[in-house]
Each structure stands twice: as structure tokens, then as C-alpha cells.
Amino acid sequence: MDEERMDELARDPRFISGIYNYCDRWCERCAFTARCLNYAMGQEVEAEISRARDSESEAFRDNLHETFENARDEVEDQAEETDFDLEEEELQESVRAQAEIDEAAEAQPCSRTAMRYIEVVDQWLQANAGLFDEEGNVREPPAGAGTPGTGPAGGTTSLRDCLEVIGRYQRQIYIKLCRAATGMIRGVLEGNEYDRQDANGSAKVALLGIERSLAAWAIVQRRFPDHEDIVFALGTLKRLLRQVEAAFPGARSSRRPGFDPDET
Ligand code: SF4
């Protein structure tokens, strides 16, 4: 994609400004693909890659190279606009300061609980891998086996959906909470309102992921009522929900472009 096309897309009024900043990046299930610049650009780049693969043409490879070059130039232009010289020693200092903020963000109670939740889910999936086929459907017991909790209640499709939801948000919750904590710390250190708002927006995405995961686990639990580790996963998520609400009291009321229409 050349620079001109990028600018053309960026100016297109059908796109909702910044909608992709506080979404869950689940584009396949998003109702706003037609209004998302990020999605449109991704589609065009994918189409270019696909054409390049098909034809293996030199011109297409040059085109892709040009896209990456343009993206890099844009980053450097932005750095110049903010009077930030990438070559200077200040860069080292800035990287060091950012690493400290990242470390502090990862040490926050909600970040630690979110990391614990990732482990809990991984352990449950590993311990129960034999219950599912390659597509995530429950392997039904042989006729007459009558294993309690593995009957058709809930339906295999809905269970597969639940596993998909759990998998989708499992790591994203942690990533969003680290970003939220980073923004909150930076906001306090620098007195920067933008970072605080960004923190609340990211925390809201994490909260939505937690709530959807709780709903999905509740269905999985109905299917496997004798799995005590599901109770542990649910308990970890509920604790996480409380921690996020306490750490980011402005998250619930934060308005995400496109997804949370203005009250007016
Ligand atoms: S807003 Fe929707 S289409 Fe755009 S990146 Fe997010 S999930 Fe994908």
C-alpha cells in the first residue's frame, strides 16, 4: 500500500476515529468492520500479500517493501514532529524509564491475578485435552457409557464457542491490564490526562473480556460439573473482576469510540 492510499483511507469519513484502540481485536465477530480503518488497511495489505504470493512478481514485493518503508517513515516523521531525535542518548533514558514502568505495571495485583488466570486455563486445557477433538468439540463417550456430565446438555457447538471465547480472552485480559496499569502509572507520573483515559479504556476492554469469560466458563461448568478446577478458574476471574474495578474506578464509565455511543 503506498503512502497516498494510506492517506486516502485515513481521510475516509466512514471510519470511526480510534475505534480499534479499545476493541477486543476479534474482527471475525465485530459489527464494525466496515467502519474500522485498521480492518480496512489489514484487508488491503492481506490482499497485496496474497497477490504477491500468487504471482511472486517483483512489482508486488516492491509494493510491500514500499508499504513497510512508508510505515517506518511515518513513525520517524511523528518522532520529528514531537521533537524527539531517535539517535540521541535520551532514547536510552526513555527506554529505561519505560522498562521500569512496564515492570511496575506487571507487578500490580490485577496483572498478577490475570497472569495466574492464564496458568489456570492452560492447566485445565492440558489436563482435559482428551475431552476434545481437534476442532474443540467434546468427544462423546461410547454409547451406553453414561459418564455423568458428558451428555449433550448445552450442545457441542455452544461448548466449542465457549472454549473459543475463553481462548480469545485468556491472554488478552493480561495484556490489556498491563497496558491499563502502564497508562495509569504514566498518567500519575506525568500528570497526563490522555494516559489516564487510555488506562480506563484498556481496563474496560479487560472487564468485558472477564465477563464474557465468566459466562463461557459457567456453561463449561454445566457440562463438566465434577471438575473442581473450573470452580478455581471462575473464582480467579471473579477476584480479578473486583481487583480491576477497584484499581480502575473510571473504567466502567469510559466511552469507547463506536462501541459506547455518547449519552447525548
Ligand atoms: S474495531 Fe472491530 S474490525 Fe476494527 S480492529 Fe477492532 S475488532 Fe477488528
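Rules of the game
- Residues numbered from 1 in each chain as written.
- Predicted model: local features only at pLDDT ≥ 70, side-chain atom pairs only at ≥ 80, totals over all residues.
- Heavy atoms only, no water.
- Phe/Tyr/Trp six-rings, centres within 6.5 Å; stacked < 30°, edge-to-face > 60°.
- Helix = DSSP H or I, 4+ residues; strand = E, 2+ residues; numbered from the N terminus.
- Buried < 20%, exposed > 50% of the residue type's maximum accessible area, 1.4 Å probe, protein only.
- Near = heavy atom within 4 Å.
- 1 Å grid on protein atoms, 1.4 Å probe; cavity = no way out; pocket = protein on both sides within 12 Å on 5 of 7 lines; lining within 4 Å.
- Sits in = over half its atoms within 2 Å of the grid points.
- Nonpolar A, V, L, I, M, F, W, Y, C, P; charged D, E, K, R; others polar.

Colleague: Help me get a handle on the packing of aromatic side chains, residues and values and all.
Modeller: Taken as a whole and assessed by the stated rule, the structure comprises 4 aromatic pairs. Judged by centre distance (5.9 Å) and plane angle (75°), the ring pair of Trp-26 and Tyr-169 falls under edge-to-face. With Trp-26 in the loop between helix H1 (3-11) and helix H2 (37-55) and Tyr-169 in helix H6 (residues 156-170), this pair connects stretches of sequence that are 143 residues apart. Measuring from ring centre to ring centre gives 5.1 Å for Phe-32 and Phe-259, while their planes differ by 70°; the resulting arrangement is edge-to-face. Taken together, the residues span a long stretch of sequence, with Phe-32 in the loop between H1 and H2 and Phe-259 in the segment after helix H9 (228-247) at a distance of 227 residues. Given the relative accessible area of 22%, Phe-32 is considered partly exposed. Since its relative accessible area comes to 24%, Phe-259 is described here as partly exposed. By the ring-pair criterion, three or more aromatic residues cluster together here, those being Trp-124, Trp-217 and Phe-224.

Colleague: Pulling in residues and values, what's your account of the site of the ligand?
Modeller: Near the ligand you find Tyr-20, Cys-23, Arg-25, Trp-26, Cys-27, Cys-30, Thr-33, Cys-36, Asn-38, Tyr-39 and Phe-259, and these make up its full shell. Its atoms largely coinciding with the cavity grid, the ligand occupies the largest pocket. When the residues that make up the shell around the ligand are grouped by side-chain class, the tally is 8 nonpolar, 2 polar and 1 charged.

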